[in-house]
Protein chains: 2
Amino acid sequence: MSDLFDVVTFNDNGLVPAIVQDAETDEVLMMAYMTADTLEKTLATGRMTYWSRSRQEEWVKGQTSGHVQHLREARIDCDGDTLLFRVDQEGGACHTGYRSCFFRRIGGTGESLEDDGTQVFDPAEVYE
Amino acid sequence: MSDLFDVVTFNDNGLVPAIVQDAETDEVLMMAYMTADTLEKTLATGRMTYWSRSRQEEWVKGQTSGHVQHLREARIDCDGDTLLFRVDQEGGACHTGYRSCFFRRIGGTGESLEDDGTQVFDPAEVYE
């Protein structure tokens, strides 16, 4: 039987993309990136932990906002270069206050973007 | 109102990741990459069209296998660097014959991988 770390492939920056899906509703909440280290920490702690490309640092989801993600299921794709996580999301996944980062629907061939997501918190109150 | 192409951000290779979700079941089927050109073609034709990083060419999903993906909904995330598509998938999304590329569940802290996906076609019969 394969070990995850024999199969997972990190890109040239040492990162693997992680798709995050709500374990209850199956809504896709966000995508983020993991290093080998943050992947190990996620599996060991059950708390979703990423690598912030903008801040170049480890990022335990919810450490600032309280909007923690609890790991329910982890999956890997056929060629080992993408991960999929099903999580219990507290509050909202998106820093804008929406439940999902994908709160904008693309209209037609891209002429318009419609916000139709669910706002679950006020970012001004959470990120002071 | 914003135009998609004012908002979407391509990486250093001119690509944006595209998460693909089954419009009926909400199962995440695969992740692939798009150029600006294949994104435009996807929206214009309603047939999911990607950029193959391994072959360095445009790739209309299903052109070899017949397992076409019909676009139902397109979304973009908060920072514009990931796309999410809901599709009607004919046959299976994965070249291995599984419905979803994420057919392997990660056990424990990565000691094991369990195939628990749904096999929907025999790749030996489809890719001759």
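Residues numbered from 1 in each chain as written. Chains lettered and ligands numbered in written order. Predicted model: local features only at pLDDT ≥ 70, side-chain atom pairs only at ≥ 80, totals over all residues.

**Q** What is the right way to look at the overall build of chain A in this model?
**A** Counting its secondary structure elements, chain A contains 3 helices and 8 strands. Put simply, chain A runs from its N terminus to its C terminus through helices and strands in the order α-β-β-α-β-β-β-β-β-β-α. When its C-alpha atoms are laid out on the principal axes, chain A stretches across 45 × 35 × 30 Å. Considering only residue pairs separated by 6 or more positions, chain A has 40% of its internal contacts joining residues 24 or more positions apart. (Helix = DSSP H or I, 4+ residues; strand = E, 2+ residues; numbered from the N terminus. Contact = placed C-beta atoms within 7 Å.)

**Q** I'm lost on the pairing of strand E2 (residues 28–34) of chain A in this one. Help?
**A** In the case of a regular strand, side chains alternate between the two sheet surfaces. Residue and element names in this part refer to chain A. Of all 7 residues in E2, 6 are buried, a share of seventy percent or more. As judged from the 6 bridges shared by strand E1 (residues 16–22) and E2, these two strands associate in the antiparallel manner. Of the residues in E2, the one forming a bridge with alanine 18 is alanine 32. (Buried ≥ 20, exposed ≤ 12 C-beta atoms within 10 Å, placed from the backbone. Pairing = 2+ DSSP bridges.)

**Q** Help me out: how do you make sense of the sheet that holds strand E7 (residues 104–107) of chain B in this one?
**A** Through backbone hydrogen bonds, the strands of a sheet pair up, either in parallel or in antiparallel fashion. In spatial order, the strands read E2(A)-E1(A)-E6(A)-E5(A)-E7(B)-E8(B); together these 6 strands make up an open sheet with mixed pairing. Edge strands, defined here as strands with exactly one partner in the open sheet, are E2 of chain A together with strand E8 (112–115) of chain B. Neighbour-to-neighbour, the strand axes of the sheet open up by a mean angle of 35°, direction not taken into account. As paired strands, strand E5 (residues 69–76) of chain A and strand E6 (residues 83–89) of chain A are joined by 7 bridges and run antiparallel to one another. What sits directly across from A:Ile76, in E6(A), is A:Leu83. Helix H2 (residues 36–45) of chain A contacts E1, E2 and E5 of chain A of the sheet and is inclined by roughly 130° relative to E2(A). (Axes fitted to C-alpha atoms, helices over the stretch in contact; angles between N-to-C directions.)

**Q** Just checking my understanding: could you explain the relation of the copies chain B and chain A for this structure?
**A** Each copy of the chain is related to the other by a rotation around an axis and a translation along that axis. The operation relating chain B to chain A is a screw motion whose rotation component is 180°, with 0.0 Å of axial translation and a residual RMSD of 0.0 Å. Expressed as a symmetry operation, the mapping of one chain copy onto the other fits a two-fold axis. Among all residues of chain B, the minimum C-alpha distance to the rotation axis is found for B:Asp26, at 3.0 Å. (Least-squares fit on C-alpha atoms with pLDDT ≥ 70 in both.)

**Q** Looking at this structure, I do not really get the interface of chain B and chain A. What am I missing?
**A** Each partner contributes to the interface: chain B provides 36 residues, whereas chain A provides 36 residues. Elements represented by at least two residues in the side of chain B that touches chain A include exactly helix H1 (4–7), strand E1 (16–22), strand E2 (28–34), helix H2 (36–45), strand E5 (69–76), E7 and E8 of chain B. Here the element with the most residues in the side of chain B that touches chain A is E5(B); it accounts for 4 residues. Partitioning the side of chain B that touches chain A into residue classes produces 20 nonpolar, 8 polar and 8 charged. Where strand E7 (residues 104–107) of chain A lies against E5(B), 2 bridges are found, and the strand directions are antiparallel. (Nonpolar A, V, L, I, M, F, W, Y, C, P; charged D, E, K, R; others polar.)

**Q** Just to check I follow, could you spell out the sheet that holds E5(B) for this structure?
**A** Taken in spatial order, the 6 strands line up as E8(A)-E7(A)-E5(B)-E6(B)-E1(B)-E2(B) in an open sheet, and their pairing is mixed. Among the strands making up the open sheet, the edge pair consists of strand E8 (112–115) of chain A together with E2 of chain B. Strand-to-strand, the axes of this sheet are offset by a mean angle of 35°, without reference to chain direction. Packed onto the sheet, H2(B) meets E1, E2 and E5 of chain B and runs at close to 130° relative to E2(B).

**Q** Please explain the confidence of the model for chain A as it appears in this structure.
**A** The predicted coordinates ought not to be read in detail in places where the model reports low pLDDT. Mean pLDDT over chain A works out to 96, with 98% of the residues at or above the 70 mark. Here the predicted complex scores 0.97 on pTM and 0.96 on ipTM. (pLDDT = per-residue confidence, 0-100.)

**Q** Would you mind showing me how to read the nonpolar core here?
**A** If you look at soluble globular proteins, the nonpolar side chains tend to sit buried side by side. By size, the foremost hydrophobic cluster in this structure holds 64 residues, and its most contacted members are A:Ala18, A:Ile19, A:Val20, B:Ala18, B:Ile19 and B:Val20. In this view, B:Ile19 contacts A:Ile19, A:Val28, A:Met31, B:Val28, B:Met31, B:Thr82, B:Leu83 and B:Leu84; residues no more than four positions away in its chain are not counted. (Core = buried A, V, L, I, M, F, W, Y, C linked by C-beta atoms within 7 Å.)

**Q** Please clarify how the environment of A:Asn13 should be interpreted in this entry.
**A** Locating A:Asn13 in the fold gives a position in the loop between helix H1 (4–7) and E1. With 10 C-beta atoms counted inside 10 Å, the residue A:Asn13 sits in the exposed group.

**Q** Got a minute to help me understand H2(B) in this structure?
**A** Residues spaced three or four apart along an α-helix face the same direction, because each turn holds 3.6 residues. All names here are of chain B. Here H2 has its buried residues at Thr38, Leu39 and Thr42. Buried residues in H2, looked at end-on, bunch into an arc of 105°, giving them a common side. Structurally, H2 contributes buried residues whose contacts are with E1, E2, strand E3 (49–52), strand E4 (57–60) and E5. Positive phi appears at glycine 46, one or two residues downstream of H2, with a value of about 75°. (Arc of directions from axis to C-beta.)

**Q** Sorry if this is basic, but what is going on with the environment of A:Gln119 here?
**A** Assignment of secondary structure puts A:Gln119 in the loop between E8 and helix H3 (123–126). Excluding its chain neighbours within four sequence positions, the residues that come into contact with A:Gln119 are A:Gly97 and A:Tyr98.

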